[in-house]
Amino acid sequence: MNATSNGTLLNYINGAWIKSSAATFLDVTNPATAQVIGHVPLSPGGEVAQAADAAQAAFLLWRRVPVTERIQYLFRFKALLEQNLDDIARMITQECGKTYAEAVAELRRGIENVEVACGAPILMQGVNNEDIAPGIDEHMIRQPLGVVACITPFNFPGMIPLWFLPYAVATGNCFILKPSEKVPASAQKLIALVEQAGFPAGVVQLVHGGKETVDAILDHPRIKAVSFVGSTPVARYIYSRATANGKRAQCQGGAKNPVVILPDADMEMTTRIMADSAFGCAGQRCLAASVAITVGDARSTFTEMIADAATSRTVGYGLNEGVQMGPVITNESKQRIESIISAGAQEGANLLVDGRSRAVAGYADGAFVFPTVLTDVAPTGALARTEIFGPVLSLMHAATIEDAIALVNDRAYGNMACIFTNSGAAARKFRYEAIAGNIGINIGVAAPMAFFPFSGWSESFFGDLHAQAHHGIEFYTQTKVVIERWPQDWSRQF
Ligand code: NAD
């Protein structure tokens, strides 16, 4: 960790690690052990301005570096990420709580984005037509925006910054990362590797902080684009303020993902995949299955099998061997999740597997919520509608696939919807009609690979160009059209 001797995390501005002048430093806590592992500054707006000035100065040079050379830094960064995978994954587990295997898996998905961005020479090509009129040609080229910034959530500290950074710098922009103040040390490790990869000073900056830091990003005139991933209320706020200030914005919000289970599904496979989707990462995935809608006879089989899977999941400290699920991010989050479960039970849901008030031996102060399954959940209640962001699966039932799709589409979010079935016709109907940007067919976490856009819809996304792939390239570039004539005799023969 690039930190001072007392574990204070540092900002990285203009190629130097700098101690923030912040008035407030928050504790960074391991959610399994409750130990304080660092202190993160809530950096003041002035430090965002320093980062933006450094980035602007670097941009004037960086945009002139040929794209074929810019991606060489990314190749080196990718190699360093591979070499340091274990070290970063351990830090992710320590500050975020997920298991070591889950931390490695998220880093793999992050590295995939670095690999895709290395295709920038072809991805950012323009288009042209010769002879739009006699002797006149027209071209569309892509140019970088300038200084761009990204604000990330706590749940994928290694992956989500890499949804943005590689595309931004490959296309010639200079980048500022403001990571979640709950998991700042993983981001700091990523940026230490950016430094080792030799990126010129000012191309990439790290500024830790909270709301004041974010507001400074949203208001700074030099910052031309803002990428955000986090909860829906904050996504909406950031989208409004950034765009009101004339910036481009892409803001990914929260989720409440429904999954339909038809009676012809392979129940063993479905249960295994559903347990991983609902309880993996302690349910703290924006693509976690949150509501399962059984159709017809699927009800009794799936209910029994998912209850077994929930009960048998091994919960504990993610660095320990054999642990399948870690804690949630904080004890406040644990209390919030447990109170939603209680409210659901009061509303009439049946608590089939109750994960509240359970402790892990040796980790009495850890923020553990065990896998929880509720049946007979009302479609209009808190369990069915609130993003719980914990290891809680709510079961509902529908008589037909049409009724199930109606339940899927009766929600504000649109991040993901999945179906389990052996019927191609049912799968097609679902794919066609479900209102969500990421669809899974016999898949529990429909996370797009880096070469596809991460397509949230509705309240799960504010903007038009998503993260990753071509969308990332388009978001970070502006098109310029050139119409040119070079006088000579181009007179037409016919
Ligand atoms: P969050 O919204 O609380 O915080 C995200 C970021 O916004 C952090 O960097 C935080 O410092 C900043 N922030 C928080 N409140 C702010 C405010 N009032 N003004 C300005 N900035 C503010 O989210 P979180 O709890 O860190 O992450 C969990 C959420 O992220 C869940 O809702 C989850 O669904 C969502 N998420 C969505 C996706 C997706 O792709 N759609 C991916 C991962 C996580």
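Residues numbered from 1 in each chain as written. Predicted model: local features only at pLDDT ≥ 70, side-chain atom pairs only at ≥ 80, totals over all residues. Heavy atoms only, no water.

1. A few points about the sheet that holds strand 14 (residues 350-353)
What counts here: Paired strands, in this sense, are two strands between which DSSP finds at least two bridges. To qualify as a helix, a DSSP run of H or I must reach at least 4 residues; to qualify as a strand, a run of E must reach at least 2; elements of each kind are numbered from the N terminus. Throughout, an axis means a line fitted to C-alpha atoms (over the contacting stretch in the case of helices), and angles, computed between N-to-C directions, take values from 0 to 180 degrees. Between two residues, a contact is recorded if the distance between any of their heavy atoms is within 4.5 Å.
Here we have 7 strands laid out as an open sheet, ordered 14-15-16-13-12-18-19, and mixed in their pairing. With partners counted over all chains shown, the strands left at the sheet margins are strand 14 and strand 19 (438-441), one partner each. Across the sheet, the mean angle separating the axes of adjacent strands is 25° when strand polarity is ignored. Both strand 13 (residues 289-295) and strand 16 (residues 392-398) contribute to a ladder of 5 bridges, which runs parallel. Counted as the bridge partner of Val-291 is Ser-394 from strand 16. Across the face of the sheet, helix 15 (residues 424-433) comes into contact with strand 12 (257-261), strand 18 (416-420) and strand 19 while running at roughly 170° to strand 18.

2. Side note on the nonpolar core
Formally: Only buried residues count toward a nonpolar core. Its members are Ala, Val, Leu, Ile, Met, Phe, Trp, Tyr and Cys residues joined through side-chain atoms within 4.5 Å. Remark: exposure states derive from per-residue accessible area (1.4 Å probe, protein chains only) relative to the maximum for the residue type, with buried under 20%, exposed over 50%, and partly exposed in between. Domain limits in this description derive from either an automatic procedure or a database domain assignment.
Counting residues in hydrophobic clusters, the biggest one holds 159 residues, and the most contacted among them are Phe-77, Phe-175, Phe-199 and Met-274. Counting residues per element, this core draws most heavily on helix 1 (residues 45-62), which supplies 8 residues. A domain split of this core shows at least three residues from each of domain 1 (4-253 + 460-481) and domain 2 (257-441). The contacts of Met-274, once residues within four sequence positions are left out, are Val-259, Ile-261, Ala-289, Ala-292, Phe-302, Ile-306, Leu-393 and Phe-420. With 5 residues, the next largest nonpolar core counts Leu-9, Val-40, Met-91 and Ala-185 among its residues.

3. Overview of the pattern of salt bridges
Going by this rule: We define a salt bridge as a side-chain nitrogen of Lys or Arg found within 4 Å of a carboxyl oxygen belonging to Asp or Glu.
In this structure the tally under the stated criterion is 21 salt bridges. Between Arg-222 and Asp-53 there is a salt bridge; the shortest N-O distance is 2.9 Å. With Arg-222 in the loop between helix 8 (211-219) and strand 10 (223-229) and Asp-53 in helix 1, the pair connects residues that are 169 residues apart, well separated along the chain. Assessed through its relative accessible area of 36%, Arg-222 is described here as partly exposed. Residue classification places Asp-53 among the partly exposed residues on the basis of a relative accessible area of 39%. For Lys-189, the salt bridge is made with Asp-87, and the minimal N-O distance between the two is 3.0 Å. With Lys-189 in helix 7 (residues 184-196) and Asp-87 in helix 3 (residues 85-96), this residue pair connects regions lying 102 residues apart in the sequence. Note on Lys-189: relative accessible area 12%, which makes it buried. Salt bridges sharing common partners tie together Lys-78, Glu-82, Arg-108 and Glu-115.

4. A look at the domain arrangement of the chain
Cut-off, in case you're wondering: Nitrogen and oxygen atoms within 3.5 Å of one another constitute a polar contact, given that in protein one can donate a hydrogen and the other can accept it, and given that sequence-neighbouring residues count only through two side-chain atoms.
Looking at the assigned domains, one finds that the chain contains domain 1 (4-253 + 460-481) and domain 2 (257-441). In this structure, domain 1 and domain 2 have C-alpha centres spaced 31 Å apart. Tallying the contact residues gives 22 residues for domain 1 and 24 residues for domain 2. Linking domain 1 to domain 2 there are 0 salt bridges. One can count 7 residue pairs in polar contact (both at pLDDT 80 or more) joining domain 1 with domain 2. For the side of domain 1 that touches domain 2, the secondary-structure elements that each account for two or more residues are helix 3 and helix 4 (100-117).

5. Structural notes on the sheet that holds strand 6 (residues 136-144)
Here 3 strands make up an open sheet; going across it, the order is 5-6-22 and the pairing antiparallel. At either end of the open sheet lies a strand with only one pairing partner, and these are strand 5 (127-133) and strand 22 (477-485). Averaged over neighbouring strand pairs, the angle between their axes works out to 25° when direction is ignored. By the bridge criterion, 9 bridges tie strand 6 to strand 22 in an arrangement that is antiparallel.

6. Observations regarding the side chain of Arg-142
Formally: Positive residues here are Lys and Arg, negative ones are Asp and Glu, while His and the chain termini are left out of the count.
For Arg-142, the position within the fold is in strand 6. Despite its burial, Arg-142 pairs with no opposite charge, the nearest such side chain being Glu-474 at 4.5 Å. A polar contact of 3.1 Å, which involves the side chain of Arg-142, links it to the side chain of Thr-477. In contact with Arg-142, not counting residues within four places along its chain, are Met-124, Gln-125, Ile-473, Glu-474, Thr-477, Gln-478 and Thr-479.

7. Regarding the site of the ligand
Going by this rule: Nearness is judged by heavy atoms alone; a residue qualifies as near a molecule or strand once a single heavy atom is within 4 Å of it. Gly is placed with the polar residues, together with every amino acid not listed as nonpolar (Ala, Val, Leu, Ile, Met, Phe, Trp, Tyr, Cys and Pro) or charged (Asp, Glu, Lys and Arg).
With respect to spatial proximity, 28 residues lie near the ligand, and among them Lys-178, Glu-181, Ser-231, Gln-252 and Glu-387 are the closest. In this structure, an oxygen atom belonging to the ligand sits 2.8 Å away from a side-chain N or O atom of Lys-178. Between the ligand and Glu-181, the relevant distance is 2.6 Å, taken from an oxygen atom to a side-chain nitrogen or oxygen of the residue. Going through the elements one at a time, helix 8, strand 10 and helix 9 (232-244) are the ones with two or more residues in the shell around the ligand. In the shell around the ligand, the residues fall into 15 nonpolar, 9 polar and 4 charged. For the shell around the ligand, the domains that each give at least three residues are domain 1 (4-253 + 460-481) and domain 2 (257-441).

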